[in-house]
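# Remarks on the overall topology
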Amino acid sequence: MNKLADETSPYLRQHAGNPVEWMPWSDEAFALARERDVPVFLSVGYSSCHWCHVMAHESFEDDATAAVMNRLFVNVKVDREERPDVDAIYMQSVQALTGRGGWPMSVWCAPDGRPFYAGTYFPSEERHGMPAFRRVCEAVSEAWHDRREEVLQQSEQLTAAIAEDVLRPEARATLTPELLTAAYAGVKSQFEPRYGGFGRAPKFPQAMTIDFVCRSFVRNSAADTREMITATLDGMAAGGIHDQLGGGFARYSTDDFWLVPHFEKMLYDNALLTRAYLHGYLATGESRYRSVVEDIVGYVLRDLRHANGGFYAAEDADSEGVEGKFYCWSIDEIREVCGDDADAVIRYFGVTEQGNFVDPHTGFRGNILHVVDPSAEVPPEVDRAKAKLLERRSGRVRPGLDDKILLAWNALMLDALARAAAAFEREDWMAAARTNARFLLGELRRDDGRFVRSWRAPHLAYAEDYAALLEALLTMAEVDDPGWLPEARAVADELLRLFHDADGRGFFTTGHDAEPLVVRPKDVFDDATPSANSLAANGLLRLAALTGETRYETPAVDVAEMLARPMASQPTAFAHMLEACERILTPPLEIAIVGLADDPRTRALQREVHHRLLPGSVTLTGPASDASPLLDGREARDLVPTAYVCEHYACRQPVTSPEDLRAQLDAVLAGRDQRSAS
């Protein structure tokens, strides 16, 4: 009997009607496998995953295939977004056995959870050198029953290799500016100047790498650094990966020039790209990046926000069973909707009779709107037509919505939204940020104080969730109100208590109160999202600077030193951790603005801080108080709002005018070590 109907995950519920007798991840499932003496087939995916849908349609919805699966295995479905711990462990087995990874993930395990065979997508029929899924199932079952000793030996070796990879400490290295120099050179070597971005297709936005380049540009003001920023941000904004009508970005581009995306829209991508485009705007002053920030935030607040203030996880790639159908247009429909403006729209968005996209599974053909000439001004005809096109599109069948509200992803969006609200002085955005912060602190925290991963789901929150929330609350304290600081400190203390490795080797993914898995994983790579360890390192360093408590700094430095060598050689895999290294290598820039938040003179001083990119800085605004050493003992000179610019709490002459504050900040940045980005 299929047992997914009552699960909280939309992905699991999508499979509740399958003839496969799916069970959620549970002790019950593994106990049943022991009782039946059969392997566990573990299928991991997520609701907006296109190839997950393909495999489901081909195999899991097929009665004959389901009968084979039910006869041979206990079948377990996992939503990787609800259970990143399970996903991380078994993805390592896929990568160890196949040399690559991805979703859907297909893993066969012994009844004790140890994996022995794995892959990703298997077609229903043999093609392109890939074996048919049903044949794989038969072969796995045959090996389990006829060559049990060999299978168990492989599972032991594979589990040991995964554990060693998790637990093996990297040789520590002292952090030096040369690490940042090497990292910058590595990023520059991967830059693709023609279309922007880093590496070849499939091309991912790599928002954290863009952040690193933006911070580098603040330090070195080099033309080639600026080119990396502008070529990448312009290329993505003009491409089909960017929803030219509704805003927001798709997951990645299947080609080198950002035209054909994998159409799913993820909250975390749009959170990270909000921050990347914001930093691109603050670093270069190019107003077109401000427009993209407004575009992304508008999409998230309109289409991904729950009425209570939380943000949904994703929108699917498919609608009506066709990838991209919701987003594509025929030339005839453009002419019908746009009327006299149609010719200008067709030229501007590169619309053709034959289209530029074909769904390989259904043969659906259409045009993905993209900007043919990003350097050209937007014609008035296109501005007029956009609203009409968006209205027409709103009548189509929307892609499926994954309405999970995940703590870490919400925290990433909260952080970006608050930064953008402060930079653009958007009180409506700041109000949305406050509502979201209160929602996370109230609705995703149990009565005993323990956070959960997902709203209305029982899964305990992971290190990623706590560390992302720490960063978001610190940002709220800096740009909104120092009153958020006690909550940030409480989250940091729990992060250390639940997840910190006592051997000083970073943070485990799961808390010490979580269910035991075959290994206890650690998350160190900045991939689609920042790793738990890089989020923790940055958050703890910021908290140390804001509170003056060095106990928060030590575990952050330990993480950075542990990862120093791979950071230098693989910078794009540690792009957020590089920010922590910058904070360690540079004395923290501390800015205190003493004054009432609603005083226009206070806001004028804040504008000098929030309207520019200040790497390695922390800021607090408010009346003199003991909430932080930044505000403790500080006075408003002659009752006029006053700014203090400090490094390690050694402060320059307090100033009351925006011009004087700007001059002091310019002087501090000019004095920073240029070697870190040259």
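The structure under discussion appears in the preceding block.
The paragraphs below set out a description of the structure included in this document.

Rules of the game
Residues numbered from 1 in each chain as written. Predicted model: local features only at pLDDT ≥ 70, side-chain atom pairs only at ≥ 80, totals over all residues. Heavy atoms only, no water. Helix = DSSP H or I, 4+ residues; strand = E, 2+ residues; numbered from the N terminus. Rg over C-alpha atoms; globule rule 2.2 N^0.38 Å. Contact = heavy atoms within 4.5 Å. Buried < 20%, exposed > 50% of the residue type's maximum accessible area, 1.4 Å probe, protein only. Polar contact = N/O pair within 3.5 Å; in protein donor to acceptor, adjacent residues only side chain to side chain. Core = buried A, V, L, I, M, F, W, Y, C linked by side-chain atoms within 4.5 Å. Pairing = 2+ DSSP bridges. Axes fitted to C-alpha atoms, helices over the stretch in contact; angles between N-to-C directions. Disulfide = S-S within 2.5 Å. Parallel < 35°, antiparallel > 145°, perpendicular 65-115°, else oblique. Left-handed = near helix turned anticlockwise from the far one by under 90°.

With that settled, the discussion passes to the overall build of the chain. Scanning the chain from N- to C-terminus turns up 25 helices and 18 strands. Rg of the C-alpha trace for the chain: 26 Å, near the compact-globule value of 26 Å for 678 residues, within the 12% margin. Taking the principal axes of the C-alpha coordinates as reference, the chain spans close to 85 × 70 × 45 Å. Taking the intrachain contacts of the chain between residues at least 6 apart in sequence as the baseline, contacts between residues at least 24 apart amount to 69%.

Further remarks concern the side chain of Asn367. With respect to the helices, strands and loops of the structure, Asn367 is situated in the loop between β13 (365-366) and α15 (380-394). The class of Asn367 is buried, set by a relative accessible area of 2%. Here Thr352 takes part through its backbone nitrogen, which lies 3.0 Å from a polar atom of the side chain of Asn367. Contact partners of Asn367, with chain neighbours within four places excluded, come to Tyr327, Cys328, Trp329, Ser330, Ile331, Gly350, Val351, Thr352, Gly355 and Asn356.

This paragraph deals with the nonpolar core. The biggest cluster of nonpolar side chains holds 167 residues, and the ones touching the most others in it are Trp108 and Tyr277. Grouped together as the second largest cluster of nonpolar side chains are 25 residues, Met23, Trp25, Ala33 and Leu158 included.

By the element assignment, Asn356 lies in the loop between α14 (342-349) and β12 (357-358). Sequence separation of Asn356 and Asp402 is 46 residues, and the distance between their C-alpha atoms is 28 Å. What Asn356 contacts, discounting residues up to four positions off in sequence, is Leu259, Val260, Gly350, Gly366, Asn367, Ile368 and His370. At 2.7 Å, the side chain of Asn356 forms a polar contact with the backbone nitrogen of Ile368.

Spatially, the five strands line up as an open sheet ordered β1-β3-β2-β4-β5, and their pairing is mixed. Because the sheet does not close on itself, it has two edges, and the strands there are β1 (22-24) and β5 (115-119). Across the sheet, the mean angle from the axis of one strand to that of its neighbour is 30°, orientation sign disregarded. Inspection of the sheet shows β1 paired to strand β3 (residues 74-79) by three bridges, in the parallel sense. Note on β3: the bridge partner recorded for Met23 is Val76. Those strands touched by helix α2 (residues 27-36) are β1, β2 (40-45) and β3, and its axis lies near 160° from that of β3. The strands touched by helix α5 (residues 84-98) within the sheet are β2, β3, β4 (105-109) and β5, with β5 carrying the most contacts at an inclination of about 75°.

Another point: helix α24 (residues 600-610). Those residues of α24 not exposed but buried are Thr602, Ala604, Leu605, Gln606, Glu608, Val609 and His610. Measuring from the backbone nitrogen of Arg601 back to the side-chain oxygen at the start of α24 gives 2.8 Å, which picks out Asp599 as the cap.

Following the criterion strictly, the structure yields two disulfides and no others. With its sulfur 2.0 Å from that of its partner, Cys646 forms a disulfide with Cys651. Every disulfide takes its handedness from the sign of the S-S torsion; for Cys646 and Cys651 that torsion is 90°, giving right-handed. Taking the relative accessible area as the measure of exposure, Cys646 reaches 3% and is therefore buried.

Our next topic: the pairing of β3. Burial within β3 is extensive, with six of its six residues counted as buried. Going residue by residue along β3, you find Val74, Val76 and Val78 tucked away on one face and Asn75, Lys77 and Asp79 tucked away on the opposite face as well. In this structure, β2 lies alongside β3, joined through six bridges in parallel fashion. Of the residues in β3, the one forming a bridge with Val40 is Val74.

Spatially, β8-β9-β14 is the arrangement adopted by the three strands of the open sheet, whose pairing is antiparallel. Since the sheet does not close on itself, it has two edges, and those belong to β8 (265-266) and β14 (401-402), each with one partner. Here two bridges tie strand β9 (residues 314-315) to β14, and the two strands are oriented antiparallel to one another. Each bridged residue has a counterpart across the sheet, and for Ala314 the counterpart in β14 is Asp402.

Between helix α8 (residues 177-190) and helix α10 (residues 223-238), the shortest axis-to-axis distance is 11 Å and the interhelical angle comes to 55°. Between α8 and α10, the interaxial angle falls into the category oblique. Crossing of α8 against α10: the hand is left-handed. Contacts from Tyr184, Val187 and Lys188 of α8 reach α10 at Asp224, Thr225 and Met228.

Once that is clear, we can look at the environment of Ala624. In this structure, Ala624 sits in the loop between β16 (617-622) and β17 (642-647). Considering only alpha carbons, one finds Ala624 and Val557, 67 residues apart in sequence, at a separation of 30 Å. Sequence-distant contacts of Ala624, that is, excluding residues within four places in its chain, are made with Val594, Leu631 and Arg634.

At the junction of Trp103 and Pro104, the peptide bond is cis and its omega measures out at 10° in the coordinates. As for its placement among the helices and strands, Pro104 is situated in the loop between α5 and β4. The linkage connecting Ala201 with the following residue, Pro202, adopts the cis geometry, with an omega of -5°. Structurally, Pro202 is set in the loop between α8 and α9 (207-220). Positive phi, normally seen in glycine, also occurs at Trp258, with a value near 65°. Tracing the backbone shows Trp258 in the loop between β6 (252-253) and β7 (261-262). Accessibility expressed as a relative area gives 0% for Trp258, which makes it buried. Of note in the backbone geometry, Arg456 takes a positive phi value of approximately 65° without being a glycine. According to the relative accessible area criterion, Arg456 is exposed, its value standing at 64%.

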